[in-house]
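# Chains, contacts and geometry: an overview
Each chain, written out:
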Protein chains: 2
Amino acid sequence: MFLAIDEVHNTALLALVHAGVPEEHANTQVRLWIEAERRGHPSHGLLRLPRIVERIANGVADPASQGNHQWKGDAFLSVDGRNGLGPVVAQRALDLISARAKTTGVAMAAISNSNHLGMLAIYAEDIARKGQVLIGLTTSEALVHPWGGRQAMVGTNPVTIGVPADPHPFVLDMATGLISMGKVHDYANRNQPLEPGWALDHAGNPTLDASAAKSGAIAPFGDSKGYALGLAFEVLVATLTNSALGRDVAGTLDSTNVCNKGDVFIVAESGLERTAVTRYLDLIRATAPADPDKPVRVPGDRAQLSRAASDETGINIAPEIWEKIRSLAALSAAD
Amino acid sequence: MFLAIDEVHNTALLALVHAGVPEEHANTQVRLWIEAERRGHPSHGLLRLPRIVERIANGVADPASQGNHQWKGDAFLSVDGRNGLGPVVAQRALDLISARAKTTGVAMAAISNSNHLGMLAIYAEDIARKGQVLIGLTTSEALVHPWGGRQAMVGTNPVTIGVPADPHPFVLDMATGLISMGKVHDYANRNQPLEPGWALDHAGNPTLDASAAKSGAIAPFGDSKGYALGLAFEVLVATLTNSALGRDVAGTLDSTNVCNKGDVFIVAESGLERTAVTRYLDLIRATAPADPDKPVRVPGDRAQLSRAASDETGINIAPEIWEKIRSLAALSAAD
C-alpha cells in the first residue's frame, strides 16, 4: 500500500517517541528508514522499527544515548555508542569529522556499541553533497562462508563510497555477500528455489532450498576475491573500533543482544572539480551496452530514480508493517 | 632460472644507478620488485625494470625526483610525484603519514604524477608490522568493461588492506578485474583459450581468443558488484588526487606516456589488540573446508609461504629478463 511520506514519517516518529526516543533523535532515525524505503530498499526501512522498539524495551538499545564521542588525535574520533540508535550516534560522529576534515583534510570516526546504521548510501550522499568524499564500513553478523569453506564465519560487511558529482553524487553501497539473508527469507516464504552457488545448508552443503539456507551460510560475492575483501573489512573495522569479530557479532538481527559490531567512517576533502567525475560517469552511462535494451548503469542511479518516483507515489509499505507501526504510535495517544 | 636474492638485487641496482637513479632510491625501487618476485608475483617484479629504464631515457620518468610532499591539513598529505619512481614517492609519503598518524590518529596521502607503485601488499605489510592499519588504492589504465558494457572504461584499480596480526600481518591485495591483462597475454603466448566470461574482443563481443582479447576488455570481478566497486575506486582516487579518469589514464604499461594515475594511502592507529585478529584468522584457517584437500585460506598466507621458500631457493626469473637486466647493469662498468 502506498502512503504519503509525511504521514509515514509522523506515525513512525510517534512510535519512537513513545518508546522513549527524544524527538530530535527519532527524526534522525526515521529519516534513515524513510530514505531507504524511497530508494527501494525496504530491508533497511520501516520493517526495522518494531525491532528497535523491542530492543529498547529489552534494554539492549538506549533510546536517549547519543554516544560518547572523543577525539583520540586531531583526526581520529573514537565513539562509544553506549547502545544508542545507530543513525543518532553516526550522525553526530559524521557532523564532527566532516567539520574537522575541513582543517585536517581527512578525519575518521571509529564507532563501537551502536545499533544498526540503516542504509549506508544515505550517509555517503549527505557527505558528498557537502563536497567531501566518504568511505563507510560496518560489520555485521557472520552469515557468509569463506571461499572454499562450509560455515558462516564472515559478516555481510557492506561498504559505501560517496564522491561529489552532478546531478547527484556518485554513491556505492554494497554488501560483500552474494545475496542478502533477507533474500533467502523471501525465497523461503515464497517456496522458491535458490540459484546454484548462492548458499549452503546448516551442514555446509550446497543447497537450493531457501528454508535450509536460513540456518546455513550465504556465499561471498565475487568468489575468492569477494571473500578476501569482506574478510579484510571485518578485521579492519574490528581493529579500528575494538569491536567483535566473526561469530561473536550480534545485535543487528535480533531483539535481545547488545549490538557489538563496529562502524568506520572516513571523510576527506576533494582535490578535483566534480565536473571531471560527472563527465566520466556520463561517458560510462553512454557507453555501448552488451544488451541494447539495458543501458550501462552507474551505482546510485537506480536509487535516485526510485527516490524521485516516491515524490509522486509516496512509499510502498507492507500492510502488516504499517499496522504494527500504527499500533505502536497509537500507544502514544494513551500516554 | 633460480638466482640468489642478493645477486639479483645488486645487479638490478647497478642497472638503475646507471640510468641515473640515486642509490638510495634505487634500493627502494629494487626492493619492491624483489619482494614481489619472492611472493610469487613476477608481473610486479623485475620484468618492469627495462621499462622503467626506457621511461627514464624517454623523459617520462624522473630518476631523481622524490616528489613534492605538502601538508594540506594536519592529516592530509598532497603529493605531486613530479614523475618520480612510484615506490620512491610512495615510501616518502608513507613515512610521513605513518609518523603523523601517531598524533592525529589517521592520515592520508593523495599522490599524483608518480610512476607504477609495484605490489601494493608490501606497503600494507610494512605499515601493519608497525602496528598501524593501511588502506591503499591506485588507479590504472582502463582495461575493464562496465558490467553490461562492451568497452574498457575502468581501471583494474587494486586495493590493499593491511592489519596487524601474528605470525604475519593480514594483507589483502587484489585488483578489481576478474583476471589481469598479463594473464591474457600469457594465454595468448601459449595459444590457450580463455574461459567464458573473462574477456571481450575489440568490438565488444565475448571471446575465448586471448589474442583478440588483448585489444579488448577484461571483465570486472564479481559481476555488477565488482564493477561498482572498481568504478567507486576510480572516482574516489581521482577526486582525492586530482588525477586522470578512465581512458585518459596512461603510463603504467608503456614507455612513452607520463604516468597520470593517482594513488591514495590511509594510515590509522589500531584500537584492538592484534591477538583478537590473530585468533579470528586462525579460526578461519581451521574451519571445515568444502574440499578436504583444500584448507580455507586467509589473504596473504600464500604470499608468505612463497616468500619463505625463496629464502632457500632464491628467485625464479625468466632467462631473457635476467639477460636484459645484466646487460643494463653491465653498461655501468663502462661508465
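A brief look at the structure comes next. The structure displayed is predicted, hence computed values, not measured ones.

## Let's talk about the environment of Thr256 of chain B
All names here are of chain B. Examined against the element boundaries, Thr256 turns out to sit in the loop between helix H8 (223-241) and strand E12 (262-269). The class for Thr256 is exposed, based on a relative accessible area of 56%. Measuring from C-alpha to C-alpha, the distance between Thr256 and Ala57 comes to 9.6 Å, with 199 residues separating the pair along the chain. Filtering out sequence-adjacent residues up to four positions away, Thr256 remains in contact with Arg55, Asn58 and Val60.

## Details of the sheet that holds strand E3 (residues 76-84) of chain A
All names here are of chain A. Taken in spatial order, the seven strands of this open sheet run E2-E3-E4-E12-E5-E8-E9, and their pairing is mixed. Either end of the sheet is taken by a strand with one partner, and the two such strands are strand E2 (68-73) and strand E9 (170-174). Across the sheet, the mean angle from the axis of one strand to that of its neighbour is 15°, orientation sign disregarded. Here four bridges tie strand E5 (residues 132-138) to strand E8 (residues 159-163), and the two strands are oriented antiparallel to one another. Bridge pairing links Leu137 to Val159 in E8.

## Comments concerning unusual backbone geometry
Cis geometry is adopted by the peptide bond preceding Pro167 of chain A, which originates at Asp166 of chain A and carries an omega value of 5°. Mapped onto the secondary structure, Pro167 of chain A falls in the loop between E8 and E9. Positive phi outside glycine occurs at Asn113 of chain B, with the angle close to 55°. Residue position: Asn113 of chain B is located in strand E4 (residues 106-114). In this model, Asn191 of chain B sits at a positive phi of 55°, which is unusual for a non-glycine residue. Looking at the element boundaries, Asn191 of chain B is found in the loop between helix H6 (181-189) and strand E10 (199-200).

Reading guide: rules and limits
- Residues numbered from 1 in each chain as written.
- Chains lettered and ligands numbered in written order.
- Predicted model: local features only at pLDDT ≥ 70, side-chain atom pairs only at ≥ 80, totals over all residues.
- Heavy atoms only, no water.
- Helix = DSSP H or I, 4+ residues; strand = E, 2+ residues; numbered from the N terminus.
- Buried < 20%, exposed > 50% of the residue type's maximum accessible area, 1.4 Å probe, protein only.
- Contact = heavy atoms within 4.5 Å.
- Pairing = 2+ DSSP bridges.
- Axes fitted to C-alpha atoms, helices over the stretch in contact; angles between N-to-C directions.

Keep in mind that these numbers describe shape and distance, not what the molecule does.
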